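Okay, here's what each chain looks like letter by letter:
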Amino acid sequence: MYGVVEGTGFEVIDPRFEGCFVGHARVERLWTGARWSEGPVWFAAGRYLLWSDIPNNRILRWDETDGNVSVFRQPSNNSNGHTVDRQGRLVSCEHLARRVTRTEFDGSITVIADSYDGKRLNSPNDVVVKSDGSIWFTHPSYGILMDYEGDRAESEIGACHVYRVDPATGEVAIVADDYLKPNGLAFSPDENLLYIADTGATHTADGPKHIRRHKVAWDGTLSGGEVFATCTEGLFDGFRLDLDGRIWTSASDGVHCIDSDGVLIGKIKIPELVANVCFGGPKLNRLFICGTTSLYSVFLNVNGVSPV
Ligand code: MG
């Protein structure tokens, strides 16, 4: 378990990256056996990680105390991205049910959003909760384009937007409507900035494969939206930030670390295509990496933003 996993390692592109990792720390493959790993989320109190195996219609659970992996929920409605809210509850995107849900303390499931203006959402992909309790999510069409990770269906909305759910009223509002395939999203540590990935290159020649950066107003209004970084290997899917504002993002050759000025400073090489990451462990200095069939992790010399 603690040996060298072939095809893994750190790649320094800019000297700034040298202080971000521990030289002798190694990438571990914690588990393998999924079809498409996505949506990792860390539960500090329970010392476990949940993640989605989307085509297998299940949420898996890795236990930090003994390393065991079990099925947390099946069927999972082909869940994709997850996060935790400020109360520690699981918030999930579901392709099949085309909704965002919250798992309550008693295990019951509350629907947070399943439609906009009377029309069903496409297939919510990734989600983040702001400290004011607002819930922000993307809904590209990947879960309704084919039967592999949802049910094939026509889009009722006819576009792929980014939405915000008001914490007081539950109202679902569009906050960005100029994305082709909005995907991963995360706030800066001070929540003044919101980063959103666009993976439109999956379906459009020369389409976007970048992360854009927006300013966030107190009322949830976004401004700006310039391209922050363009992916050099595959696509940026899900990502998280560390406390210093660096972005740790998925890419086809592993994890790319992008500093707050948009410069790619280094990589964690992974031998499978990476879809998403999150920080975990009691110090949030351990990066969990969803790489297609496997769950990987590596200890870093940075700490993630909490909650994850
Ligand atoms: Mg995604």
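Residues numbered from 1 in each chain as written. Predicted model: local features only at pLDDT ≥ 70, side-chain atom pairs only at ≥ 80, totals over all residues. Heavy atoms only, no water.

Thoughts on the nonpolar core
Piece 1. Residues Trp248, Ile268, Leu287, Ile289 and Leu300 are the most contacted members of the largest nonpolar core, which totals 39 residues.
Piece 2. Contributions of two or more residues to this core are made by strand S3 (37-43), strand S4 (48-53), strand S5 (58-63), strand S23 (254-258), strand S24 (264-269), strand S25 (274-280), strand S26 (286-291) and strand S27 (294-299).
Piece 3. When neighbours within four sequence positions are excluded, Leu300 is seen to be in contact with Phe10, Cys20, Phe21, Val22, Trp248, Ile268, Phe279, Asn285 and Leu287. (Core = buried A, V, L, I, M, F, W, Y, C linked by side-chain atoms within 4.5 Å. Buried < 20%, exposed > 50% of the residue type's maximum accessible area, 1.4 Å probe, protein only. Helix = DSSP H or I, 4+ residues; strand = E, 2+ residues; numbered from the N terminus. Contact = heavy atoms within 4.5 Å.)

Digging into the sheet that holds strand S6 (residues 69-73)
Piece 1. The strand order S3-S4-S5-S6 describes an open sheet built from four strands, whose pairing is antiparallel. With partners counted over all chains shown, the strands left at the sheet margins are S3 and S6, one partner each. The average undirected angle you get between the axes of adjacent strands in this sheet is 30°.
Piece 2. Note that S5 and S6 share four bridges and pair antiparallel. In the strand pairing of S6, Arg61 is matched with Ser70. (Pairing = 2+ DSSP bridges. Axes fitted to C-alpha atoms, helices over the stretch in contact; angles between N-to-C directions.)

With respect to the coordination of the magnesium ion
Piece 1. Donor atoms from the polypeptide that bind the magnesium ion are Asn125 (OD1), Asn183 (OD1) and Asp237 (OD), placed at 2.1 to 2.2 Å.
Piece 2. Summarised as a motif, the one-chain spacing of the donors to the magnesium ion is N-x57-N-x53-D. Note that Asn125 is positioned in the loop between strand S12 (119-120) and strand S13 (126-129) and Asn183 in strand S17 (residues 182-187), a separation of 58 residues in sequence. Residue Asn125 shares its accessibility class with Asn183, and that shared class is buried. (Donors = N, O, S within 2.8 Å, 3.2 Å for Na, K, Ca; no water.)

Quick word on the sheet that holds S24
Strand pairing in a sheet relies on backbone hydrogen bonds, with the paired strands running either antiparallel or parallel.
Piece 1. Taken in spatial order, the five strands of this open sheet run S1-S24-S23-S22-S21, and their pairing is antiparallel. Of all strands in the sheet, those bounded by a partner on one side alone are strand S1 (9-12) and strand S21 (239-241). Shown here is a sheet whose adjacent strand axes are inclined to one another by a mean of 20°, direction ignored.
Piece 2. Strand direction decides the pairing type here: strand S22 (residues 247-251) and S23, joined by five bridges, are antiparallel. Looking at the pairing, Ser250 lines up with Val255 of S23.

Here's the deal with the layout of surface pockets
Piece 1. A volume near 380 Å³ is recorded for the largest pocket.
Piece 2. The wall of the largest pocket is formed by 21 residues, among which Trp36, Tyr142, Thr202, Leu235 and Asp237 lie closest to the centre.
Piece 3. Considered class by class, the residues forming the lining of the largest pocket number nine nonpolar, nine polar and three charged.
Piece 4. Residue assignment for the lining of the second largest pocket shows that the elements contributing at least two residues are S3 and S4.
Piece 5. Of the residues assigned to the lining of the second largest pocket, the class counts are 13 nonpolar, four polar and four charged. (1 Å grid on protein atoms, 1.4 Å probe; cavity = no way out; pocket = protein on both sides within 12 Å on 5 of 7 lines; lining within 4 Å. Points joined across faces, edges and corners; volume = space filled by probe spheres on them. Nonpolar A, V, L, I, M, F, W, Y, C, P; charged D, E, K, R; others polar.)

Points about the pairing of S22
Piece 1. Within S22, five of the five residues are buried, which leaves it mostly tucked inside the rest of the structure.
Piece 2. Of the pairings in the sheet, the one linking S21 to S22 comprises three bridges and is antiparallel in character. In the sheet register, Arg240 faces S22, and the bridge partner there is Trp248.
Piece 3. Hairpin connection between S21 and S22: a loop of five residues separates the two successive antiparallel strands, and Gly245 in this loop has a positive phi of roughly 90°.
Piece 4. Where S22 folds back on S23, the antiparallel hairpin that results is connected by two residues.

Description of the packing of aromatic side chains
Piece 1. The final tally for this structure, using the stated rule, is 12 aromatic pairs.
Piece 2. Between Tyr195 and Phe228 the ring centres are 4.9 Å apart and the planes differ by 65°, which places this aromatic pair in the edge-to-face class. Linking Tyr195 in strand S18 (residues 193-198) with Phe228 in strand S20 (residues 222-230), this pair joins segments that are 33 residues apart in sequence. Assigned by exposure class, Tyr195 and Phe228 land together as buried.
Piece 3. Each ring, one from Trp248 and one from Phe279, has its centre 6.3 Å from the other, and the planes form 85°; the classification is edge-to-face. Here Trp248, found in strand S22, pairs with Phe279, found in strand S25; they are 31 residues apart in sequence, far enough to count as distant. Like Phe279, Trp248 is buried.
Piece 4. An aromatic cluster is defined as three or more aromatic residues linked by ring pairs; in this entry it consists of Phe10, Phe17, Phe21, Trp248 and Phe279.
Piece 5. The positively charged end of Arg61 is found above the aromatic ring belonging to Tyr48, 4.3 Å away from the centroid. (Phe/Tyr/Trp six-rings, centres within 6.5 Å; stacked < 30°, edge-to-face > 60°. Lys NZ or Arg CZ within 6 Å of the ring centre and 35° of its normal.)

Remarks on the pattern of salt bridges
Piece 1. Under the defined criterion, the tally for this structure stands at 22 salt bridges.
Piece 2. The salt bridge involving Lys130 is made with Asp132; its shortest N-O contact spans 3.9 Å.
Piece 3. Overall, Lys130 belongs to the buried group, its relative accessible area being 11%.
Piece 4. Given a relative accessible area of 34%, Asp132 falls into the partly exposed group.
Piece 5. One continuous salt-bridge network, built from bridges that share partners, spans Glu11, Asp253, Lys267 and Lys269. (Salt bridge = Lys/Arg side-chain N within 4 Å of Asp/Glu carboxyl O.)

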